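The chain contents come next:
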Amino acid sequence: NAGVTQTPKFRVLKTGQSMTLLCAQDMNHEYMYWYRQDPGMGLRLIHYSVGEGTTAKGEVPDGYNVSRLKKQNFLLGLESAAPSQTSVYFCASSYRAGGHNEQFFGPGTRLTVL
Amino acid sequence: AQSVAQPEDQVNVAEGNPLTVKCTYSVSGNPYLFWYVQYPNRGLQFLLKYITGDNLVKGSYGFEAEFNKSQTSFHLKKPSALVSDSALYFCAVTLGGYQKVTFGTGTKLQVIP
């Protein structure tokens, strides 16, 4: 049982380049989330998904897109990277959203945009 | 709007001493409260949660937290700190049903040998 995995672990992009971050979970969780973590700002929700084929915006969605074609996978895309998107990105999943269900986090992807 | 405050960026405690990491929250309704821990270069790990019932919640690794509704607080505690407890700790709050989870900015705990 691998839990939540993220690919890649590190990435360096030039401004304007695009990339996709992959998140996979093997716990059959309905809900999945993408966060970014910046110093002094805690975790901020980018996008989330309440089930296969559905996605919604979080607090800081601009510049990102997501897709959930399969229940176990949640992809985060950057179409045209900007230095402001330099951050550590975490994917998480939970059995259901909110309520009493804790979230399970992946190990993170450290992205640098030059 | 819901919010979480962790008033201390860093807490230093000597090994073997009790530790407290503070968290206060603001929500319109009955909160669900969580503590997570993050070790260097790792994702967050769930420690404990308060849903309802007993105000004292026990979690992993000997940690506990006390829910205080009148003070809107949910402080994390441990009777005897270990060097291995050194990490970044996040408090989080949400409401029932689907509501997004709001995380605090984190408190770095440093346990000194």
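For the structure itself, consult the block above.
The model shown is predicted, which means the values in this text are computed figures rather than measured ones.

Caption draft 1: Representation of the overall build of chain B within the structure. Of regular secondary structure, chain B possesses zero helices and 12 strands. Overall, chain B shows an N-to-C arrangement of helices and strands of β-β-β-β-β-β-β-β-β-β-β-β. Computed over the C-alpha atoms, the radius of gyration of chain B is 13 Å, within 12% of the 13 Å expected from 2.2 N^0.38 for a compact globule of 113 residues. Scored against the burial criterion, the 113 residues of chain B give a buried share of 46%. Looking at chain B alone, contacts between residues at least 24 apart form 56% of all its contacts between residues at least 6 apart. If you sum the accessible surface of chain B, you get close to 5,300 Å²; carbon and sulfur atoms cover 49% of it. On chain B, the mean spot of the 9 positive side-chain charges and the mean spot of the 7 negative ones are 7 Å from each other.

Caption draft 2: Quick peek at the interface of chain A and chain B. Contact with chain A, which involves 21 residues of that partner, is made by 24 residues of chain B. At the boundary of chain A with chain B, total buried surface from both sides reaches about 1,600 Å², with 60% on carbon and sulfur atoms. One can count one salt bridge joining chain A with chain B. Of the charged contacts in the structure, one is a salt bridge between A:Glu102 and B:Lys49, with a shortest N-O distance of 2.8 Å. Among the secondary structure elements, those contributing two or more residues to the side of chain A that touches chain B are β4 (31-38) and β5 (42-51) of chain A. Examining the composition of the side of chain A that touches chain B, we find that four residues originate from one element, β5(A), more than from any other. Per-class residue counts for the side of chain A that touches chain B are nine nonpolar, nine polar and three charged.

Caption draft 3: Structural view of the pairing of strand β6 (residues 44-50) of chain B. Residues and elements named next belong to chain B. With six bridges connecting them, strand β5 (residues 32-38) and β6 associate as antiparallel partners. Looking at β6, one finds that phenylalanine 34 is bridged to lysine 49. Hairpin remark: β5 followed by β6, antiparallel, with five residues in the connecting loop; positive phi at asparagine 41, about 60°.

Parameters at a glance
- Residues numbered from 1 in each chain as written.
- Chains lettered and ligands numbered in written order.
- Predicted model: local features only at pLDDT ≥ 70, side-chain atom pairs only at ≥ 80, totals over all residues.
- Heavy atoms only, no water.
- Helix = DSSP H or I, 4+ residues; strand = E, 2+ residues; numbered from the N terminus.
- Rg over C-alpha atoms; globule rule 2.2 N^0.38 Å.
- Buried < 20%, exposed > 50% of the residue type's maximum accessible area, 1.4 Å probe, protein only.
- Contact = heavy atoms within 4.5 Å.
- Areas by Shrake-Rupley, 256 points an atom, 1.4 Å probe, with all protein chains shown as cover.
- Lys, Arg positive; Asp, Glu negative; His and termini not counted.
- Charge placed at Lys NZ, Arg CZ, Asp CG, Glu CD.
- Buried area = accessible area lost by both parts, 1.4 Å probe.
- Salt bridge = Lys/Arg side-chain N within 4 Å of Asp/Glu carboxyl O.
- Nonpolar A, V, L, I, M, F, W, Y, C, P; charged D, E, K, R; others polar.
- Pairing = 2+ DSSP bridges.

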